[in-house]
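Per-entry structural report
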Amino acid sequence: MSTAPSPTTDEAPQPAAEPAPSPNRWAPLRPLILRLHFYAGVLVAPFLLVAALTGFLYAGSFQAEKLVYADELTVSAVGDAKLPISEQVTAARKAHPEGSVAAVRPSPADDATTRVLLSGVEGVDPTHTLAVFVDPYTAQVKGSLEQYGSTGALPLRTWIDEFHRDLHLGQTGRLYSELAASWLAVIALGGLALWFSRRRARRKLRGTSGRRRTLGLHGTVGAWAAAGFLFLSATGLTWSTYAGANIDELRTSLGQATPSVTATAGGDHAGHGASATAGDAAHGVGLDKVLSAARAEGLGDPVEIVPPADASSAYVVKQVQRSWPEKQDAVAVDPTTGEVADTLRFADYPLLAKLTRWGIDLHTGSLFGLVNQIALMLLALSLILLIVWGYRMWWQRGRGSAFGRPIPRGAWQQVPPQILLPCVAAIAVVGYFVPLLGIPLAAFIAVDVVLGEIAHRRGRANGVGVG
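All values derive from a computational prediction rather than experimental measurement. (Residues numbered from 1 in each chain as written. Predicted model: local features only at pLDDT ≥ 70, side-chain atom pairs only at ≥ 80, totals over all residues. Heavy atoms only, no water.)

**Thoughts on the overall build of the protein**
Looking only at helices and strands, the protein features 12 helices and eight strands. The 467 residues of the protein split such that 41% are buried. Summed over its atoms, the accessible surface of the protein is roughly 25200 Å², and 62% of this surface lies on carbon and sulfur atoms. (Helix = DSSP H or I, 4+ residues; strand = E, 2+ residues; numbered from the N terminus. Buried < 20%, exposed > 50% of the residue type's maximum accessible area, 1.4 Å probe, protein only. Areas by Shrake-Rupley, 256 points an atom, 1.4 Å probe, with all protein chains shown as cover.)

Below, the structure is given as structure tokens:
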């Protein structure tokens, strides 16, 4: 904290014997945070920039998808009554006999089509399905598109989603997004600490220009958006490769894993009457009775019906609404009797399982619909601006040179041991559970120490005094 005299010192005399305010014991951390924030920003910013740009596009893809695929998603005219699901599936199979029925999503609204999802179709990614769109009033097939994920992403949104997640490079490409998510929280927290410490010292930034103006814009926008960045970082890590696995393991050990309905046909009749092959929508009692049983248990639209995996398995009907309020209830229906064998309510999920579900859906823009998507686009735009301003400040710090001047070394030597050691321990623990934060940080420290030692020896060889 600054101990400079107040501008009102001459107007209001101060008591002569008043002691000077004690310095803030956290003040020595500021240069260290500044150096970490600076280098993390410079080195990780390209990854964050790609994540922000692709995230911006993904947030807008929900609305774009409705426009691009309007013919497949909506019916030509709303009829008086919808046909049985079994008739709609039969029409879809006549048009597309290839593969097998993986799931059926009955029309969730009066003007919406039914989706019959086929797996094992030649030319379709094995992790995707072919969605056949059927008019629920006429059984007319409106078209077919490749679909991915529980939100039913169609080709446009799938392409942008995979670009955001792994740059279309597969599992290796996912390291980029995990690196960005791991460091976003560190950069945001460091920037927030610097902003608060600077605001205490310099509260008036209006009318400034040059680097001070850029710094003011960078700090103010960053402070307002910091909470959003922390949320994106935390939720992005929940389904990342390495940190996500550690989070899942922790949740499981705490008894907070996401539960699933038991999809085993019960009773002495299990396996009897199974005249169809596994994955066939006509298995056992059929789709119409299965859907009727799920409706009786209170499962409203939108739902997805998954046929039995084998002769001893049950149908699974689950709600797939990701918008608020979420609908995630599920039931297992015995294919031989049409009776509900097991029920799972979202209300019975463990707390961390619920928070994970809500966090992921909020991160992807599903939870609050258009408002959620606009907020994500604003966050992405804020991050893009912050990166641009950050690089501009680096340039301006160099005062016109090709590269900005780095923050001086040795800041950690100013930090008292009683503060430094707990901070190092906390960073080590976080780095262990979030390896794409811990490994790059350890590498940065090692390189920085080596470069510092080289500079130190060169200074001694040239006769420069060493502090």
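**Re the packing of aromatic side chains**
Overall, the coordinates contain 12 aromatic pairs when judged by the stated rule. With centroids separated by 5.0 Å and ring planes inclined at 80°, the aromatic side chains of Phe-38 and Tyr-39 adopt a geometry described as edge-to-face. Each member of the pair, Phe-38 as well as Tyr-39, is classed as buried. With a centroid separation of 6.2 Å and an interplanar angle of 45°, the aromatic rings of Tyr-391 and Trp-394 are classed as tilted. Of this pair, Tyr-391 and Trp-394 both sit in helix H10 (residues 369-397), separated by three residues, roughly a single helical turn. Every member of this aromatic cluster is reached through a ring pair, and the members are Phe-38, Tyr-39, Tyr-391, Trp-394 and Phe-444. (Phe/Tyr/Trp six-rings, centres within 6.5 Å; stacked < 30°, edge-to-face > 60°.)

**Here we look at the environment of Thr-336**
Relative to the helices and strands, Thr-336 resides in the loop between strand S7 (330-333) and strand S8 (340-344). Within the structure, the side chain of Thr-336 is placed 2.6 Å from the side chain of Asp-334, a separation counted as a polar contact. (Polar contact = N/O pair within 3.5 Å; in protein donor to acceptor, adjacent residues only side chain to side chain.)

**Notes on the packing of helix H11 (residues 417-433) against helix H12 (residues 435-461)**
The interhelical angle for the contact between H11 and H12, taken along N-to-C directions, is 125°, at an axis separation of 5 Å. When the interaxial angle is binned, H11 and H12 end up oblique. Along the contact surface, H11 presents Ile-427, Val-430, Gly-431, Tyr-432 and Phe-433, while H12 presents Pro-435, Leu-437, Gly-438 and Leu-441. Of the residues belonging to the contact of H11 with H12, the class tally is seven nonpolar, two polar and no charged. (Axes fitted to C-alpha atoms, helices over the stretch in contact; angles between N-to-C directions. Parallel < 35°, antiparallel > 145°, perpendicular 65-115°, else oblique. Contact = heavy atoms within 4.5 Å. Nonpolar A, V, L, I, M, F, W, Y, C, P; charged D, E, K, R; others polar.)

**Some words on a nonpolar patch on the surface**
Taken together, the side chains of Leu-250, Leu-254, Leu-351, Leu-352 and Leu-355 define a hydrophobic patch exposed on the protein surface, amounting to about 460 Å² of accessible area. If one sorts the elements of the nonpolar patch by residue count, helix H9 (residues 351-364) sits on top with three residues. Here Leu-352 shows up in helix H9. Of the residues examined, Leu-352 reaches a relative accessible area of 31% and is grouped as partly exposed. (Patch = residues over 30% accessible without salt bridge, like charges linked within 9 Å, V, L, I, M, F, W, Y side chains within 5 Å. Salt bridge = Lys/Arg side-chain N within 4 Å of Asp/Glu carboxyl O.)

**Considerations on the pairing of strand S2 (residues 114-119)**
The buried count for S2 comes to five of six residues, which makes it a mostly enclosed element. Of the strand pairs in this sheet, strand S1 (residues 100-105) and S2 are connected by five bridges, and their pairing is antiparallel. When the sheet's bridge partners are listed, Arg-105 is paired in S2 with Arg-115. Bridge analysis of S2 against strand S3 (residues 129-134) gives five bridges, and the strand direction is antiparallel. The residue of S3 that forms the bridge with Leu-117 is Ala-131. (Pairing = 2+ DSSP bridges.)

**Side note on the nonpolar core**
Counting residues in hydrophobic clusters, the biggest one holds 31 residues, and the most contacted among them are Leu-48, Trp-183, Leu-184, Ile-187, Phe-229 and Leu-383. Listing elements by their share of this core, those giving two or more residues are helix H1 (29-68), helix H5 (174-201), helix H6 (210-237), H10 and H12. Of all the elements, H5 adds the most residues to this core, at eight residues. Once residues within four sequence positions are removed from consideration, Ile-187 is found in contact with His-37, Ala-40, Gly-41, Val-44 and Leu-48. With 25 residues, the next largest nonpolar core counts Ala-92, Leu-299, Tyr-315 and Val-317 among its residues. (Core = buried A, V, L, I, M, F, W, Y, C linked by side-chain atoms within 4.5 Å.)

**A few points about the environment of Phe-62**
Position of Phe-62 among the secondary structure elements: in helix H1. Placed 91 residues apart in sequence, Phe-62 and Ala-153 show a C-alpha to C-alpha distance of 8.6 Å. Aside from chain neighbours lying at most four places away, what touches Phe-62 is Arg-157, Thr-364, Ser-366 and Gln-373.

**Comments concerning the confidence of the model for the protein**
Of the residues in the protein, 85% reach a pLDDT of 70 or more, and the chain-wide mean stands at 86. With pLDDT under 50 throughout, residues 1-22 is counted as low confidence; its partners more than four residues away or in other chains account for three contacts. In the model, residues 268-279 has pLDDT below 50 throughout and makes 19 contacts with residues more than four positions away in sequence or in other chains. (pLDDT = per-residue confidence, 0-100.)

**Description of H11**
Counted at 1.5 Å a residue, the expected span for H11 with its 17 residues is 24 Å, and the 24 Å between its end C-alpha atoms agrees. When H11 is considered as a whole, its buried residues turn out to be Ile-419, Leu-420 and Gly-431. Projected onto a plane normal to the axis of H11, the buried residues spread over an arc of 90° and lie on a single side. Residues of H11 that are exposed and point over 90 degrees away from its buried face: Pro-417, Gln-418, Leu-421 and Tyr-432. On the buried face of H11, the contacting elements are H1 and H12. (Expected span 1.5 Å × (residues − 1). Arc of directions from axis to C-beta.)

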